[in-house]
Amino acid sequence: MSQRLIEQKVVILLGPPGGGKGTQAEKIARQYGLLHIDTGRALRAEQASGSELGLKVQSYMEKGVLAPFELVMDVIKAALLKETSNGNGFLFDGFPRNLTQAAGLERILQELSLTLDAALYLKMPHDILLDRLGFRLTCKQCDTKFNLKLKPPQNPSVCDLCSGELFQRSDDKPEVIENRLKAYTEETSPLIEHYTTLGVLQTLDANQPIEVVFELAQTILNPLFSQLPVTTQKD
Ligand SMILES: [Zn+2]
């Protein structure tokens, strides 16, 4: 095991769908020089690499079924080991989703002599999430997203940008959104308790402008990275 991995930080980002997690993940990864690990992307990259592991992933993708848990864990471990640049560590976004995955991740981190340094929980009120997700319209032509409540198009059925037709994706329908949020809460509440017990949970009020949430995240993360060279800094 290389010395390098030992000094690297591991940060997890938790939060409901529609809570702005993806946006914050990108900003945090850039600011601190972290490798942003998205499991879906990691699976596709492994498959594209044509490795032995990638071929296994491909066999599941071809069948249209989810890769089994152990295989996902192997892909994540491979992604952690592949990081050969002088990155400052890793940022997990949308993973783990439940206690089983959390235990799997902890096992891999231990095998690589890494520790989980922080779990940032982006907390959003339920009704705001419903507004953000349940009123979403997508342009059939250019894929631009609108929101009838928060970012209404001039005409509710026509795209402002390309005049394409706007529609509501089936997984954006209010009853589907309610179920997604309910499933999310049921799965992640134990996770939030778990990370509280481990002493790494940091809760952020995510119902604020993007830059304000990012500043809160930096207040939490800066002390963690104060010992490391910030890769975005110019000499
Ligand atoms: Zn459009």
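Residue positions within a chain follow its written sequence, with the count starting from 1. pLDDT decides what is reported in this predicted model: residues at 70 or higher carry local features, side-chain atom pairs at 80 or more are listed and counted, and totals for whole chains, interfaces and linings draw on all residues regardless. For side-chain calculations, the full set of non-hydrogen atoms in the structure is used, while hydrogens and water are omitted.

Would you take a moment to explain the coordination of the zinc ion for this structure?
Each pair of donors in an ideal octahedron of six around a metal sits at 90 or 180 degrees, and each pair in an ideal tetrahedron of four sits at 109.5 degrees. Note on the zinc ion: its protein donors are C139 (SG), C142 (SG), C159 (SG) and C162 (SG). The metal-donor distances range over 2.3 Å. Counted as coordinating are nitrogen, oxygen and sulfur atoms within 2.8 Å of the metal, or 3.2 Å for Na, K and Ca, while water is not included, which may make sites look incomplete. When four donors show all angles between 85 and 135 degrees the site is tetrahedral, when four or six donors have opposite pairs over 155 degrees and all other angles between 65 and 115 it is square planar or octahedral respectively, and in every other case it is irregular. With four donor atoms in place around the zinc ion and angles of 99 to 113° between them, the coordination shape is tetrahedral. Summarised as a motif, the one-chain spacing of the donors to the zinc ion is C-x2-C-x16-C-x2-C.

It is not clear to me how helix α2 (residues 21-32) should be interpreted in this structure. Could you clarify?
Turn by turn, an α-helix covers 3.6 residues, leaving residues three or four places apart pointing in a common direction. Labels follow the DSSP assignment, with helices taken as runs of H or I lasting at least four residues and strands as runs of E lasting at least two, numbered in each case from the N terminus. For a helix, the expected span equals 1.5 Å multiplied by the residue count minus one. The first and last C-alpha atoms of α2 sit 16 Å apart over 12 residues, in line with the 16 Å expected at 1.5 Å per residue. For this analysis, residues touch if any pair of their heavy atoms sits within 4.5 Å. The inward-facing, buried residues of α2 contact β1 (9-14), β2 (34-37), β3 (89-93), β4 (116-123) and α9 (210-225). A positive phi of about 65° marks G33, the residue just after α2.

What's the story with the layout of surface pockets in this structure? I'm lost.
Gaps left between atoms show up when a probe the size of a water molecule is rolled over them. For the largest pocket, the calculated volume is near 1000 Å³. A 1.4 Å probe that fits into a set of points on a 1 Å grid over the protein atoms alone but cannot get out defines a cavity; an open set with protein on both sides within 12 Å along at least five of seven lines defines a pocket, and lining residues are those with an atom within 4 Å of a point. Along the walls of the largest pocket sit 43 residues, with K21, D38, D93, G94 and R97 positioned nearest its centre. Looking at the lining of the largest pocket, the elements that each hand over two or more residues are β1, α2, α3 (39-49), α4 (52-63), α5 (69-82), α7 (126-134), α8 (174-197) and α9. Grid points are joined across faces, edges and corners, and a volume is the space filled by probe spheres set on the points.

I would appreciate a short explanation of α3 in the present structure.
Buried means the residue's accessible area, taken with a 1.4 Å probe over protein chains only, is under 20% of the maximum for its type, while exposed means over 50%, and partly exposed covers the values in between. Every buried residue of α3 is listed here: T39, A42, L43 and E46. Down the axis of α3, the buried side of the element spans an arc of 100°, and every buried residue falls inside it. Taken together, the buried residues of α3 touch β2, α4 and α5. Regarding α3, its N-cap is D38, as a side-chain oxygen of that residue lies 3.0 Å from the backbone nitrogen of G40 further along. Summarising the geometry, the arc corresponds to the directions from the helix axis toward the C-beta atoms. The term polar contact refers here to a pair of N or O atoms within 3.5 Å; inside protein, the definition further demands a hydrogen-donor-capable atom paired with an acceptor-capable atom, and it admits residues adjacent in sequence only when both atoms are side-chain atoms.

Can you walk me through the sheet that holds strand β5 (residues 136-139) in this structure?
Backbone-to-backbone hydrogen bonds pair the strands of a sheet. The strands run either parallel or antiparallel. The strand order across the open sheet built from three strands is β6-β5-β7, with neighbouring strands paired in antiparallel fashion. For this open sheet the edge positions go to β6 (145-147) and β7 (166-167), each flanked by a neighbour on one side alone. We call two strands paired when DSSP finds no fewer than two bridges between them. Note: β5 against β6, three bridges, orientation antiparallel. Bridge pairing in β6 links R136 to N147.

Explain the packing of aromatic side chains here, please?
The description of an aromatic ring pair uses the distance of the two centres, along with the angle that the planes make with each other. The rule is short: rings of Phe, Tyr and Trp, with Trp giving its six-membered ring, pair when the centres are within 6.5 Å, and they are stacked under 30 degrees, edge-to-face over 60, tilted in between. One pass over the full model with this rule turns up two aromatic pairs. For the ring pair Y32 and F225, a centre distance of 4.7 Å and an interplane angle of 25° mean the geometry is stacked. With a gap of 193 residues between them, Y32 in helix α2 and F225 in helix α9 connect regions that are remote in the sequence. The residues Y32 and F225 share a single accessibility class, namely buried. Centre to centre, the rings of F92 and F95 are 6.0 Å apart; their planes meet at 40°, and the pair counts as tilted.

How should the packing of α4 against α5 be read in this particular structure?
Two quantities define a packed helix pair, namely the angle between the helix axes and the distance between the axes. Orientation is described by axes fitted as lines to C-alpha atoms, over the contacting stretch for helices, and by angles from 0 to 180 degrees between their N-to-C directions. The interhelical angle for the contact between α4 and α5, taken along N-to-C directions, is 140°, at an axis separation of 11 Å. With respect to α5, the axis of α4 lies oblique. As α4 runs across α5, the sense of the crossing is left-handed. Contacts between α4 and α5 involve L53, K56, V57 and Y60 from the former and L71, D74, V75 and A78 from the latter. Three categories are distinguished: nonpolar for Ala, Val, Leu, Ile, Met, Phe, Trp, Tyr, Cys and Pro, charged for Asp, Glu, Lys and Arg, and polar for the others, with Gly belonging to the last. The class makeup of the residues in the contact of α4 with α5 is six nonpolar, no polar and two charged. Here roughly perpendicular refers to angles of 65 to 115 degrees, roughly parallel to angles under 35, roughly antiparallel to angles over 145, and oblique to all remaining angles. Two helices cross in a left-handed way if the nearer one is turned anticlockwise from the farther one by less than a right angle. They cross in a right-handed way if the turn is clockwise.

So what exactly am I meant to see when it comes to the sheet that holds β2 here?
With respect to topology, five strands assemble into an open sheet ordered β2-β3-β1-β4-β8, the strand pairing being parallel. Taken across any chain shown, the strands that pair with only one partner, and hence form the sheet edges, are β2 and β8 (201-205). Each strand axis lies, on average, 20° off the axis of its neighbour in the sheet, ignoring direction. For β4 and β8, the ladder comprises five bridges, and the chain directions are parallel. Counted as the bridge partner of L122 is L204 from β8.

Would you mind showing me how to read the environment of T203 here?
Following the sequence through the fold, T203 ends up in strand β8. Each residue touching T203, except ones within four places of it in the same chain, is listed here: Y121 and K123.

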